[in-house]
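The residues making up each chain are set out below.
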Amino acid sequence: MIHFKIYKSVTDLPDTWDALPTNDLFLKTPFLKGLEHSCPKNISTNYIGIFKDNCLVGIAIIQRVKLYLDDVLEILQIMP
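So, here's what we can say about the structure. Quick caveat, the model's predicted, so the values are computed rather than measured.

On to unusual backbone geometry, then. Where the residue is not glycine, phi is negative for most of them; where a peptide bond is considered, it is trans in most cases. If you check the backbone angles, aspartate 53 has positive phi at about 50° while not being a glycine. Here aspartate 53 lies in the loop between strand E2 (43-52) and strand E3 (55-65). Residue classification places aspartate 53 among the exposed residues on the basis of a relative accessible area of 56%. You will see that asparagine 54, though not glycine, has its phi angle at about 65°, which is positive.

Moving residue by residue along a regular strand, the side chains alternate between the two faces of the sheet. Judged from the 10 bridges that link them, E2 and E3 form a sheet pairing that is antiparallel. By the bridge assignment, glycine 49 is partnered in E3 with isoleucine 59. The loop that links E2 with its antiparallel partner E3 comprises 2 residues; one of these, aspartate 53, has a positive phi angle of about 50°.

Turning next to the sheet that holds E2. One open sheet accounts for 3 strands, arranged E1-E2-E3; its pairing is antiparallel. Only two strands of the sheet have a single neighbouring strand rather than two, namely strand E1 (2-7) and E3. When strand polarity is set aside, the average angle formed by the axes of neighbouring strands in this sheet is 20°. As judged from the 6 bridges shared by E1 and E2, these two strands associate in the antiparallel manner. Pairing of isoleucine 6 across the sheet is with isoleucine 48, part of E2.

Mapped onto the elements, serine 9 comes out in the loop between E1 and helix H1 (29-38). For serine 9, the side chain forms a polar contact with the side chain of glutamate 36, separated by 3.2 Å. Once residues lying within four places of it in the same chain are set aside, the contact partners of serine 9 are Glu36 and Tyr47.

This part covers the nonpolar core. Tyr7, Val10, Leu13, Trp17, Leu32, Tyr47, Phe51 and Leu56 form the largest nonpolar core, which has 8 residues in total. Not counting residues within four places of it along the chain, the set of residues in contact with tryptophan 17 comprises Leu27, Thr29, Leu32, Tyr47, Ile48, Gly49, Leu56, Ile59, Ala60 and Ile61.

The rules behind these values
Residue positions are counted from 1 within each chain, in the order its sequence is given. Predicted model: local features are reported for residues with pLDDT of at least 70 only, side-chain atom pairs are reported and counted for 80 or more only, and whole-chain, interface and lining totals are derived from all residues. Note that the side-chain values use all heavy atoms of the structure and ignore hydrogens as well as water. Numbering of helices and strands runs from the N terminus, with a helix taken as a DSSP run of H or I at least four residues long and a strand as a DSSP run of E at least two residues long. For every residue, the accessible area (1.4 Å probe, protein chains only) is compared with the maximum for its type, and the residue is labelled buried under 20%, exposed over 50%, or partly exposed between those bounds. In short, DSSP must find at least two bridges between two strands for them to pair. Only the stretch in contact is used when fitting a helix axis, every axis being a line fitted to C-alpha atoms; angles between N-to-C directions are given from 0 to 180 degrees. Contacts described as polar in this section are N or O atom pairs within 3.5 Å, which, within protein, must combine one atom able to donate a hydrogen with one able to accept it, while residues neighboring in sequence count only if both atoms come from side chains. Any two residues whose heavy atoms approach within 4.5 Å are treated as being in contact. Take the buried residues of types Ala, Val, Leu, Ile, Met, Phe, Trp, Tyr and Cys, join any two whose side-chain atoms come within 4.5 Å, and each joined set is a nonpolar core.

What follows is the structure, given as structure tokens:
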């Protein structure tokens, strides 16, 4: 059976997380920890583990960015 689990923090990820992205440093937990600690407050990150028979077979990262109209208008005023 295939199911998924959503994690709110890198510290909650399963131990086998780093085994899946073999050549992608940006998906490894050391990078994700740094990213988690340095993200602006308007960005929240969720980590998804996809499991088949309780074995981690896939991972995904979702970032939610909260944008406000005032912020967008401020950026547009800065642009030439």
